[in-house]
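So you can see what is in the structure, the chains are spelled out below.
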Amino acid sequence: MKECGYSEINTRGTSPMESPHIKKKATIQRKWEVFPGRNKFYCNGRVMMARQTGVFYLTLILILVTSGLFFAFDCPYLAMKITPAIPVIGGILVLFVMGTLLRTSFSDPGVLPRATPDEAADLERQIDVANGSTSGGYRPPPRTKEVVINGQTVKLKYCFTCKIFRPPRASHCSLCDNCVERFDHHCPWVGNCVGKRNYRFFYMFILSLSFLTVFIFAFVITHVILRSQQSGFLNALKDSPASVLEAVVCFFSVWSIVGLSGFHTYLIGSNQTTNEDIKGSWSSKRGKENYNPYSYGNIFKNCSAALCGPVNPSLIDRRGFVQADMAQAVSPSNGLTMYGSTQSESNMGQVQETPVLLEND
C-alpha cells in the first residue's frame, strides 16, 4: 500500500535544492491574464471589453436615467388616462435594449489569434520560397497577398503586430490592438469593437434604442399635452418637471440614433461593413470592376447572412491555461511577453497547449 501511495507522487523536474515552500507558489494563470491586446477582462475572462470604457458607462447612465424618469413620472398618469399597456411595452423595450447592449459590450467581437513565433517564422520561409529568395539576410514579408473571392481579386494585408495575413474583411483595431474578423468599427458607446461575432447584437441594440427613444419622446409629449388641457401648460410642467428633461434628451438623441440605424440597415442590405463603406471599397453595381464579392445580390439574403444563423465560436481561448512558473522564468527586461498559443480554426480540437513568446511591438 505504501509503494502504491509513493508511485502517485509527481517528481517531475525536481532538484535537491528545491524546497516544498517554493513549489506551492507556482500558480496556474489563464490566458486572459496575459492577453497581448489592450482589453479588460472580468468574471474570470468571461467578459471582454476595450480598455477605454468611460463612454460606455455614459451610455448606461443615459438609458437607465431617462427610462427611470419615464416610468416614475409619466407612466402612472399615462397608464391611468390611456392604457396600462404603455409601461409594459416600455419595460419590454428597455430590457431588450439593455440585453443587446450588454451582449455587444461584453463579448469577443471576433479577435483573431496572433501567430506563434514558429508560425511567423514558417510564414516568412514560405514567402521567401515563393519569391525565390535564398539569401540569409533579413527580408521583410510583403504587405499584401491576393486571393480570388467570387471572381473578384481581394488583397490580404500582412499585420506586423499579429504576424498574420489578415483574412478578408478583417482589420487591426489600433485602440484594442487586435485584428478583428469582419471588422466594422470600434464603438466607444458600447465599449468594444464591432465585428463578426457581435455585429448582429450591435444592430439590434441601435434599432431597439431607436424605438425606445421615439416611444419615450412621443408619450412624454402626450403626457404634457394631456396635463396642459386640464391645468394649463406651465402647471403641467410644474407637475411633471422630469418630463422636460426626458423630452430634451430624447429630442437631441433621436436624430443620431435613428440615422445610425438607417445607415446600418443600408450596410446590412448591401452586405458591407462601415470600414468598407468609408473606404469606398465596393460598388453595388455588378458591371463594375470593384463589385462587392460578398453580396448575395439580394437584400433578403444579405440580411439573413448578417442577422441569422449561429454565432461563430471564439477563436481565442481566453479562459485556457498557461503555466505561470514558465511565465515567471522570462526576464521582464528583455521586451518579451509570455502568452499561451491560442487555438486557430485548424487546431481547435487540441486540448494541450504550450506557452510561447511573442514580441511586443
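The structure displayed is predicted, hence computed values, not measured ones.

J.: Whenever I open this one, the packing of aromatic side chains confuses me. Can you help?
T.: Within a pair of aromatic rings, the relevant descriptors are the distance that separates the centres and the angle that separates the planes. Here the structure, examined in full by the defined rule, presents twelve aromatic pairs. Judged by centre distance (4.9 Å) and plane angle (75 degrees), the ring pair of Tyr 158 and Phe 160 falls under edge-to-face. By relative accessible area, which is 33% here, Phe 160 ends up partly exposed. Among the aromatic side chains, those forming a connected cluster through ring pairs are Phe 70, Phe 71, Phe 215 and Phe 219. The ring of Phe 165 carries Lys 145 above its face, with NZ or CZ at 4.5 Å from the centroid.

J.: What am I meant to see in the packing of helix H3 (residues 54–81) against helix H6 (residues 199–231) here?
T.: Running from N to C, H3 and H6 cross one another at 40 degrees; their axes reach a closest spacing of 10 Å. Relative to H6, the element H3 is oriented oblique. Judged by the twist between their axes, the crossing of H3 over H6 is left-handed. Residues Thr 59, Ile 63, Thr 66, Ser 67, Phe 70, Phe 73, Asp 74, Tyr 77, Leu 78 and Lys 81 of H3 form the contact with H6, whose participating residues are Phe 205, Leu 209, Leu 212, Phe 215, Ile 216, Phe 219, Val 220, Thr 222, His 223, Leu 226, Arg 227 and Gln 230. Partitioning the contact of H3 with H6 into residue classes produces 13 nonpolar, six polar and three charged.

J.: Sorry if this is basic, but what is going on with the nonpolar core here?
T.: Grouped together as the largest cluster of nonpolar side chains are 33 residues, with contacts concentrated most on Ile 63, Phe 70, Leu 101, Phe 205, Leu 209, Leu 212 and Ile 216. Every element with two or more residues in this core is listed here: strand S3 (47–50), H3, helix H4 (85–105), H6 and helix H8 (242–270). If one sorts the elements of this core by residue count, H6 sits on top with ten residues. Setting aside residues up to four positions removed in sequence, Ile 216 forms contacts with Thr 66, Ser 67, Phe 70, Glu 246 and Cys 250. With nine residues, the next largest nonpolar core counts Ala 115, Ala 120, Cys 162 and Ile 164 among its residues.

J.: So what exactly am I meant to see when it comes to the UniProt feature "transmembrane region" (unreviewed entry) in the protein here?
T.: UniProt's feature table lists "transmembrane region" (unreviewed entry) at residues 55–73, 85–102, 201–225 and 245–269, given in the numbering used throughout. With 100% helix and 0% strand, the stretch residues 55–73 has end C-alpha atoms that lie 27 Å from each other. Along residues 85–102 one finds 100% helix and 0% strand; the C-alpha atoms at either end are 26 Å apart.

J.: How should I be thinking about H3 in this particular structure?
T.: Since there are 3.6 residues in each turn of an α-helix, residues three or four apart along the chain are aligned in direction. With 28 residues, H3 ought to run about 40 Å at 1.5 Å a step, and its terminal C-alpha atoms sit 40 Å apart, in line with that. Of all the positions in H3, only Phe 56, Thr 59, Leu 60, Ile 63, Thr 66, Ser 67, Leu 69, Phe 70, Asp 74, Cys 75, Tyr 77 and Leu 78 are classed as buried. Taken together, the buried residues of H3 touch S3, H4, H6 and H8.

Criteria and cut-off values
- Residues numbered from 1 in each chain as written.
- Predicted model: local features only at pLDDT ≥ 70, side-chain atom pairs only at ≥ 80, totals over all residues.
- Heavy atoms only, no water.
- Phe/Tyr/Trp six-rings, centres within 6.5 Å; stacked < 30°, edge-to-face > 60°.
- Buried < 20%, exposed > 50% of the residue type's maximum accessible area, 1.4 Å probe, protein only.
- Lys NZ or Arg CZ within 6 Å of the ring centre and 35° of its normal.
- Axes fitted to C-alpha atoms, helices over the stretch in contact; angles between N-to-C directions.
- Helix = DSSP H or I, 4+ residues; strand = E, 2+ residues; numbered from the N terminus.
- Parallel < 35°, antiparallel > 145°, perpendicular 65-115°, else oblique.
- Left-handed = near helix turned anticlockwise from the far one by under 90°.
- Contact = heavy atoms within 4.5 Å.
- Nonpolar A, V, L, I, M, F, W, Y, C, P; charged D, E, K, R; others polar.
- Core = buried A, V, L, I, M, F, W, Y, C linked by side-chain atoms within 4.5 Å.
- UniProt positions renumbered as here; feature names shortened; annotations may be inferred.
- Expected span 1.5 Å × (residues − 1).

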